[in-house]
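# Summary of structural features
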Amino acid sequence: MSDQAREEALAQAALVALRGGDAAEARATLAQMAAPPPMLLAQVCNRLGDRDGEAEALRTILAGDPRNLPALLAMGHNAQARGDDRGAIIWRRTALAQAAAHGAPPQLQSLLQQAQDAIAQSSQRFEDHLTAAIRDLPPLPRIALATDLLLGKREIYLQQPSMFYFPGLPQRAFYERSDFDWVAPMEAMTDAIVAELAAVRAGAPDFAPYVQTSKERPAPNNKLRDDPSWGAYYFWQSGAPVADHATRCPAVMAALDHAPMPVIEGRSPTALWSLLKPGTHIAPHHGLLNTRLICHLPLLTPPDCALRVGAEARPWHRGEMLIFDDSIEHEAWNRSADTRVILLFEVWRPEIVAEERAALTLLFQAIDQYGPAQIDTGG
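The residue count restarts for each chain, going from 1 along the sequence in the order it is written. Under the rules for a predicted model, residues below a pLDDT of 70 receive no local features and side-chain atom pairs below 80 are neither given nor counted, while totals for whole chains, interfaces and linings still include all residues. In computing side-chain values, all of the structure's heavy atoms are included and hydrogens and water are not.

### Comments concerning the pairing of strand β8 (residues 305–309)
Here's how the labels work: a residue is buried when its accessible area is under 20% of the maximum for its type, exposed when over 50%, partly exposed in between, all with a 1.4 Å probe on protein chains only. Strands here are runs of E lasting at least two residues and helices are runs of H or I lasting at least four, both read from the DSSP assignment and numbered beginning at the N terminus. Buried residues dominate β8, accounting for five of its five residues. Judged by which residues are buried, β8 turns out to be covered on both faces: C305, L307 and V309 on one side and A306 and R308 on the other are all buried. Here, any two strands with at least 2 DSSP bridges between them count as paired. The pairing of β8 with strand β11 (residues 330–334) spans five bridges and is antiparallel. Its bridge partner being in β11, L307 is matched across the sheet by A332.

In structure tokens, the structure reads:
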């Protein structure tokens with residue numbers, strides 16, 4: 001018997017065992033195969049209650065076919081079974097969007113309806129969770145409206161953040177350097193920061209791809225996913241300093257001390273060197289939030305590099321801060337033959353008062369406690 005024939009016979013035997021209710025026998029049979037069929041393995045693991053094994057088998061499918069509809073639906077069910085309610089919503093919404101865009105076979109219709117029903121139930125639990133988190137706050141109309149928008153109870157106009165909208169803010173693409181008294185002291189440290197950048201790049205630069213695939217969430221639809229052409233070297237990540245990088249670059253850390261960066265456990269501050277290699281284009285997109293402004297302190301600024309926010313494009317000039325609202329559609333490009341590097345960080349919108357910042361901090365922490373989303377910053 002050829003190897004292929006043996007593999008096919010074992011797969012058929014495992015399928016017969018599974019249909020006969022003997023998942024343990026099916027698992028033992030699959031263990032004899034060099035490459036068991038991932039979906040069959042996922043089904044066997046599901047029947048045995050092996051959530052990690054099921055997820056790993058489904059990830060194998062999605063690694064080659066990120067929009068595989070049965071695997072997306074199964075990942076949603078798997079996340080729910082592991083208690084990741086928010087992850088289950090994300091997987092199921094991805095599956096429903098895929099079915100709406102490309103259709104689905106009749107045998108999946110009942111599963112799609114179950115996914116829709118499960119999303120509604122999970123969304124209500126999410127709403128109850130957030131309501132409990134801010135129940136004791138004084139009445140704050142913009143917080144209430146922002147929560148309604150997060151839960152899909154109202155629509156967003158003009159600014160289009162992809163996750164959280166805070167109402168009543170000006171629709172302004174760029175802010176000017178002269179608007180903020182902390183900008184000039186940071187700009188004065190540009191030479192020291194450039195020197196640190198040169199020293200890091202001369203050694204072993206730890207620039208990771210800016211957009212990275214998470215095993216716990218659907219793969220982002222981004223052409224630069226896992227591509228070091230858009231690189232990141234973090235100083236603050238998910239609210240914590242990156243100790244090794246901070247130690248190597250004291251001028252960067254001292255400069256960042258000037259900026260009113262949000263402090264939100266598990267989320268902010270975020271600060272990094274953002275690198276664009278020659279010929280790299282960051283496609284038009286919207287940021288997650290409109291409660292922040294994104295700041296770029298340009299360090300290496302070859303010609304033919306620019307940032308477009310809304311209808312306006314601005315080039316980077318070394319040592320001259322660019323400050324913008326990344327909830328407005330924006331893109332960036334490097335059409336030169338050299339590498340562009342900026343120091344990127346986020347600050348609170350100046351229009352958001354201290355009381356609202358405190359309430360937003362509480363609200364964002366509650367969101368993240370429910371299950372981390374894919375977080376990004378701009379450019």
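This is not the end of the story, as more comes after the structure.
### Considering the packing of aromatic side chains
Here the aromatic set is Phe, Tyr and Trp, taking the six-membered ring for Trp, and pairing holds for ring centres within 6.5 Å; pairs whose planes are under 30 degrees apart are stacked, those over 60 apart are edge-to-face, and all others are tilted. Applying the stated rule across the entire model yields twelve aromatic pairs. Measuring from ring centre to ring centre gives 6.1 Å for W182 and F345, while their planes differ by 65°; the resulting arrangement is edge-to-face. Note that W182 is positioned in the loop between β1 (174–175) and α9 (183–187) and F345 in strand β12 (residues 340–348), a separation of 163 residues in sequence. Judged on exposure class, the residue W182 and its partner F345 are both buried. Here, a charge over a ring means that NZ of Lys or CZ of Arg falls within 6 Å of the ring centre while also lying within 35 degrees of the ring normal. R172 extends its terminal NZ or CZ atom over the ring of Y175, reaching a point 4.1 Å from the ring centre. In this arrangement the basic side chain of R267 is found over the ring face of F364, its NZ or CZ atom lying 4.8 Å from the centre.

### Section: helix α6 (residues 85–102)
Its 18 residues give α6 an end-to-end C-alpha distance of 26 Å, which sits within 8% of 26 Å, the value for a rise of 1.5 Å per residue. Considered for burial, the residues of α6 that qualify are D85, R86, G87, A88, I89, W91, R92, T94, A95, L96, Q98 and A99. The contact criterion used is simple: two residues touch if any of their non-hydrogen atoms lie within 4.5 Å. Turning to α6, the residues buried within the fold contact α4 (51–64), α5 (69–81), α7 (109–133) and α13 (354–370). The positive-phi residue at the C-terminal boundary of α6 is G103, with phi of around 80°. What a helix is expected to span follows from its residue count: subtract one and scale by 1.5 Å.

### Describing the pattern of salt bridges
Every case where a carboxyl oxygen of Asp or Glu lies within 4 Å of a side-chain nitrogen of Lys or Arg is listed as a salt bridge. The full count for this structure, using the stated rule, is 23 salt bridges. Residue K153 is joined to E127 by a salt bridge in which the shortest nitrogen-to-oxygen separation is 2.4 Å. Of this pair, K153 sits in the loop between α8 (141–150) and β1 while E127 sits in helix α7, and the two are 26 residues apart along the sequence. For K153, a relative accessible area of 48% corresponds to the partly exposed category.

So, to be careful, I would describe these as geometric facts and stop short of saying anything about function.
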